[in-house]
Amino acid sequence: MLPQKAIYWREAETILLSDLHIGKISHFRKAGIPVPQNGSTDNFNRLDEIIAATNPKQVLFVGDLFHSDINREWDQFCAWRKKYPSVKMDIVLGNHDYLPEDFCSNYQIDIYPTELVIGPFTFAHHPREEFNGDEYVISGHVHPVIALSGMARQYVKTPCFYFGEQQAILPSFGYFTGGYAIDIQENDTVIAVAEKKLYPVQLRIAVTSLGV
Amino acid sequence: MTLTKGEKVISDWIAANGWELADFQRDTMAAYLAGKSGLLNAPTGSGKTYALFLPILAKFINDNPDYQNQKKSKLRILWITPLRALTKDIQRNLINACTGMNIPWKIGIRTGDMSAKEKNAQIKEAPEVLLITPESLHLFFAQKDHEEMFKNLEAIVVDEWHELLSTKRGVATELGLAHMRTLNPDLLVWGISATIGNLEQALQTLIGTKFNPDKAVIIRSTIIKKVEVESILPDHIEKLPWAGYLGINLLDKVMPIIMKSKTTLLFTNTRSQTEIWFRFVSENYPELAGQVALHHGSLDREIRAWVEENLHLGKLKLVICTSSLDLGVDFRPVETVIQVGSAKSISRFLQRAGRSGHRPGAVSKIYFVPTHAIELIEGVCLRDGVKQNKIEERVPIIQAFDVLVQYMVTLAVGGGFKEDELFREIRLTYSYQLINDDEWKWLLGFITTGGTTLDAYDEFNRVEREGDLFVVKNKRVAMRHRLSMGTIVSDASLKVQYVSGKYIGNVEESFIARMNPGDVFSFAGMNLEFIRVREMTAHVRKASPKKKGIIPRWAGGRIPLSSQLSDFIRERLSGSGYDVREPELATLQPLFDLQRERSEIPNKNQLLIEQCRTKEGYHIFIYPFEGRLVHEGMAALIAYRVSKIRPITFSMAMNDYGFELLTDVEIALEDMLQEHALFSTEDLLLDIQRSVNATEMAKRKFREVAAISGMIFQGYPGQGIKARHLQASSSLLFDVISEHEPKNLLIRQAYQEALDQQLEERRLRMALERIRTQDVIIRYPTTPSPFAFPIMVDRLREQLSSEKLEDRLTKLVRQFEQVNGATDKK
């Protein structure tokens with residue numbers, strides 16, 4: 001687990017991350033909504049950090065790598081992609097990914113439209129409600145956030161990794177993305193991420209997060 | 001004195017109807033015919049509409065001796081009203097006068113939901129008078145050639161100006177007036193306002209800053225309405241809960257009053273309260289079925305119009321409503337007004353009282369129903385306030401950059417604006433008289449380049465520069481702007497509609513999110529079964545009325561107690577041990593005794609502080625009696641100052657009487673107060689800004705700012721999934737902009753709004769100064785006192801912390817695990 005909101009799968013030397021939403025800021029600006037442009041560089045800085053720290057063979061994007069139609073922020077991504085020619089990159093498509101046809105060749109990224117099975121894991125963008133046998137699904141999409149509450153009615157809301165019985169959900173990696181408080185079942189594990197640190201939370205009973 | 005021809009025609013018509021002009025109507029006539037602008041201060045139902053319309057007609061007759069013959073019509077008068085619901089009634093009155101004097105004028109209404117065809121027809125054959133809301137006026141500005149429409153304008157009347165004055169809609173009105181004055185410098189501008197504490201300022205905002213003061217007058221009507229205030233008292237004070245907001249306990253005392261009177265308006269402070277009252281009344285008084293209705297802002301406009309119509313016709317016995325009926329048509333059948341819960345201000349209370357007793361000379365009677373025990377004291381205080389005629393001010397909003405951004409883009413959509421001309425124009429408004437060159441340059445940059453420096457990847461697209469003209473050329477940008485104009489920002493809400501398609505109203509998304517198909521909820525006084533959510537609509541069907549449905553809650557700003565009313569409360573508490581001549585105080589005696597037994601009742605030279613421990617933690621209660629907003633600010637301030645002394649996390653709660661700081665460790669406040677100036681006004685601004693709350697509050701304010709300035713796009717029907725790719729929460733935007741562009745004026749505005757409106761900084765400062773002169777008394781009750789209880793049970797809390805996030809998280813994770821079960825690690 002990496003505090004940059006990604007997972008490094010050691011055996012496969014693969015980085016797993018989800019929901020970058022590249023181009024979101026430009027998409028807004030193109031529509032006349034003035035979100036500061038320089039926010040977009042934050043994503044690439046963190047990607048660089050992770051690759052430098054782990055030196056992976058592969059990066060797997062579990063959907064919503066891009067936010068919407070093509071725009072110039074994609075060129076930034078393309079430039080970033082070219083920095084790591086030896087790293088294999090794959091994407092399982094998400095609901096925001098509207099990829100052009102020449103995407104694979106231009107960006108050297110392999111596309112899996114709905115899911116990708118590697119070893120015991122199924123990678124899919126949307127979390128599942130039903131499972132095939134004993135597969136373990138790793139997904140994204142919901143931008144999970146946990147609301148922690150304690151004595152004297154204090155609380156903190158922060159992005160998190162979620163690990164349930166049969167599936168895990170990745171936090172959203174992207175900079176300009178929001179979050180949704182998730183429900184937690186018995187015996188689930190949640191790892192909260194805040195200020196580049198990890199905080200494991202383990203529960204025996206179910207907790208319904210109220211969106212605070 | 002000889003009358004002009006116009007005056008003669010008018011006075012003949014008045015006489016023929018058997019009426020007589022009141023003094024203020026005569027004065028307005030004289031001032032208007034002398035070419036003056038002004039502000040007319042007259043209560044609803046006193047003939048204020050005619051006070052202005054008759055002079056307008058008189059002038060027309062004087063200028064056009066052949067006035068009865070139809071010529072090509074042109075728009076002469078704009079009549080701005082805050083509510084569309086008001087326009088019908090005014091239209092009726094104006095038409096009545098025109099027909100009575102054979103003046104061939106058309107009186108039109110401009111609304112947002114007219115078809116394009118109707119709108120075009122209205123432009124081609126303009127009515128002489130156009131009734132319009134500020135929003136619809138701005139929609140005109142978004143059309144090319146709108147100048148043509150307004151070039152013959154002679155006067156603008158702004159009705160119920162006090163209602164608009166202290167809102168962003170008022171700012172939008174100011175901008176509209178300034179724009180019209182540019183088109184026609186001789187324009188007369190008249191406002192009509194109820195009594196407020198700052199009438200001069202209200203006039204100033206209407207006529208702008210560079211207006212010749214000799215050309216403007218304030219005319220006050222001398223009609224004073226008699227108002228009687230009576231509290232509904234419980235037999236024993238124990239009958240009233242210590243905390244609560246419903247007031248339903250007193251239903252059996254309230255109903256006889258309703259039964260006795262022809263029609264009653266019952267005002268509550270929240271929408272869910274109206275639903276609850278409606279349910280209780282229907283359940284306990286089935287004989288009233290069909291004669292009780294409810295009215296609030298989340299109901300479909302058609303339902304509301306039905307209620308208003310039947311109220312007008314006298315077909316309803318009782319209407320349970322919120323501020324949605326503060327304004328509106330004269331409901332003559334209304335005999336009785338009941339206020340449930342704190343009215344928060346004397347002027348609002350008077351305005352509501354004024355909804356009854358419309359016959360000239362009639363006394364307006366208003367009943368006050370307390371919702372919890374201590375609130376009963378407000379009954380006396382309201383009476384004090386009414387007696388001494390202490391009316392609150394309505395302070396105009398200044399430097400609202402979000403409204404200006406919207407206006408600039410509106411003009412850019414509507415044919416474009418020139419930099420210098422517009423700058424000159426807006427600086428003549430009261431609201432933007434202080435805007436400086438840097439701010440103006442930033443705003444221009446914001447709408448053209450998006451505010452940040454251009455880089456290679458930028459594709460920002462909004463307003464473009466074409467020569468010296470700023471214009472919007474992109475059709476989609478223009479369309480999106482037209483669709484999102486306005487300054488009323490609604491909460492994120494879902495439509496509620498029957499499966500068959502009929503629309504009922506709106507509820508908040510978070511409420512529906514908790515419902516499962518088959519669940520029943522109460523809405524619009526009906527029981528509805530939730531079926532599904534599709535797009536942004538909740539589909540429902542009627543459920544059996546026997547089922548107890550859950551009642552939705554709508555988030556709404558909570559209005560604080562006005563400082564005038566707070567003064568009266570402190571004053572009355574001071575004497576609470578002695579004055580039992582007032583029935584409210586006599587009833588409250590046992591509760592005051594208990595408060596004294598457990599703690600103390602402060603006199604006006606004392607500040608009461610209570611500290612006590614419960615299983616929730618360590619509580620500190622402080623009671624400045626200054627209204628909840630000042631308490632919110634003061635709570636953050638004190639919490640921050642304590643947290644500077646030692647790392648600590650507070651959770652805070654407040655009501656109109658005091659506030660609470662709750663921690664998980666004990667604090668020796670008494671010692672701290674001796675060593676540290678916790679209540680000092682020194683570094684006040686700095687300390688407030690440093691307290692976490694300022695950011696949180698600014699963030700909340702930013703929601704509205706971002707929506708008005710066009711940074712949040714709510715989407716519209718038929719846009720499909722891609723429209724959602726343009727949605728971001730305002731708090732996310734706030735974070736991103738704060739990080740990358742801290743000097744952004746709209747972020748600054750959000751902070752300023754938080755300071756002015758949310759923290760009432762000026763009032764906070766005055767309160768702190770008062771506290772400095774007071775003796776602090778600290779008590780340590782073993783059980784929470786009656787004063788403390790209503791604050792303690794408030795679940796809407798703020799937090800302030802000086803502990804490191806890391807420490808807090810580690811602590812919270814530990815506590816969370818303890819509470820929720822896990823002890824051993826897997």
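How each quantity is defined
Residues numbered from 1 in each chain as written. Chains lettered and ligands numbered in written order. Predicted model: local features only at pLDDT ≥ 70, side-chain atom pairs only at ≥ 80, totals over all residues. Heavy atoms only, no water. Helix = DSSP H or I, 4+ residues; strand = E, 2+ residues; numbered from the N terminus. Buried < 20%, exposed > 50% of the residue type's maximum accessible area, 1.4 Å probe, protein only. Contact = heavy atoms within 4.5 Å. Areas by Shrake-Rupley, 256 points an atom, 1.4 Å probe, with all protein chains shown as cover. Pairing = 2+ DSSP bridges. Phe/Tyr/Trp six-rings, centres within 6.5 Å; stacked < 30°, edge-to-face > 60°. pLDDT = per-residue confidence, 0-100. Expected span 1.5 Å × (residues − 1). 1 Å grid on protein atoms, 1.4 Å probe; cavity = no way out; pocket = protein on both sides within 12 Å on 5 of 7 lines; lining within 4 Å. Points joined across faces, edges and corners; volume = space filled by probe spheres on them. Nonpolar A, V, L, I, M, F, W, Y, C, P; charged D, E, K, R; others polar.

Enquirer: Provide a residue-level description of the overall build of chain B, including the pertinent values.
Expert: Each helix and strand counted, chain B has 31 helices and 27 strands in total. A burial count over chain B gives 58% of its 826 residues as buried. Considering only contacts within chain B whose residues lie at least 6 apart along the sequence, 75% involve residues at least 24 apart. With the model as given, the accessible surface of chain B reaches about 35100 Å², and the carbon-plus-sulfur share is 50%.

Enquirer: Describe the pairing of strand β1 (residues 37-41) of chain B, with residues and values.
Expert: Residues and elements named next belong to chain B. With respect to burial, β1 is a largely interior element, 5 of its 5 residues being buried. Side chains Ser37, Leu39 and Asn41 project from β1 onto one buried face, and the interleaved Gly38 and Leu40 project onto a second face that is buried too. Of the pairings in the sheet, the one linking β1 to strand β7 (residues 216-220) comprises 5 bridges and is parallel in character. Bridge pairing in β7 links Asn41 to Arg220.

Enquirer: Provide a residue-level description of the packing of aromatic side chains, including the pertinent values.
Expert: Under the counting rule described, the total for this entry stands at 29 aromatic pairs over all chains. Between B:Phe423 and B:Trp440, the ring centres sit 5.0 Å apart and the planes meet at 25°, which makes this aromatic pair stacked. Here B:Phe423, found in helix α17 (residues 419-427), pairs with B:Trp440, found in helix α18 (residues 437-449); they are 17 residues apart in sequence, far enough to count as distant. Accessibility classification places B:Phe423 together with B:Trp440 in one group, the buried group. Chaining the aromatic ring pairs together yields one cluster made of A:Phe61, A:Phe66, A:Phe77, A:Trp80 and A:Tyr84.

Enquirer: Break down the confidence of the model for chain A for me, citing the residues and quoting the values.
Expert: Residues and elements named next belong to chain A. Across chain A, the average pLDDT comes to 80, with 89% of residues at or above 70. Within chain A, helix α4 (residues 103-107) has the poorest average pLDDT of any element, 69, and strand β2 (residues 14-17) the best, 91. Ignoring residues within four places in sequence, the model shows residues 208-212, a span with pLDDT below 50, making 9 contacts including any to other chains.

Enquirer: With reference to specific residues and values, describe the environment of B:Thr209.
Expert: All names here are of chain B. Tracing the chain through its elements places Thr209 in the loop between α10 (199-207) and β7. Thr209 sits 220 residues away from Thr429 along the chain, and the two C-alpha atoms are 6.1 Å apart. Apart from residues no more than four positions distant in its own chain, Thr209 is found in contact with Gln204, Arg427, Leu428, Thr429, Tyr430 and Gln433.

Enquirer: If you had to explain the confidence of the model for chain B to someone new, which residues and values would you point to?
Expert: Any region with low pLDDT has predicted coordinates that should not be read closely. All names here are of chain B. With 89% of its residues at a pLDDT of 70 or more, chain B shows a mean pLDDT of 86. Summarising per-element confidence for chain B, the mean pLDDT is lowest in strand β27 (residues 798-801) (64) and highest in strand β5 (residues 155-158) (97). Within the model, the stretch residues 717-722 combines pLDDT values under 50 with 4 contacts to residues more than four positions away or in other chains. Throughout residues 822-826 the model reports pLDDT below 50, and contacts reaching past four residues in sequence, or to other chains, amount to 10 contacts.

Enquirer: Describe helix α29 (residues 761-772) of chain B, with residues and values.
Expert: The first and last C-alpha atoms of α29(B) sit 16 Å apart over 12 residues, in line with the 16 Å expected at 1.5 Å per residue. B:Glu761, B:Arg763, B:Leu764, B:Ala767, B:Leu768, B:Arg770 and B:Ile771 are the residues of α29(B) that are buried.

Enquirer: Residue-level account of empty space enclosed by the protein, with values.
Expert: Applying the stated criterion to the full structure yields 4 cavities of 30 Å³ or more. Estimates place the volume of the largest cavity at around 140 Å³. In this structure, the largest cavity is lined by A:Ala31, A:Gly32, A:Ile33, B:Arg462, B:Val477, B:Arg480, B:His481, B:Ser484, B:Gly710, B:Ile712 and B:Phe713. Here the residues of the lining of the largest cavity are counted per class, giving 5 nonpolar, 4 polar and 2 charged. Taken as a whole, the second largest cavity holds about 60 Å³ of empty space.

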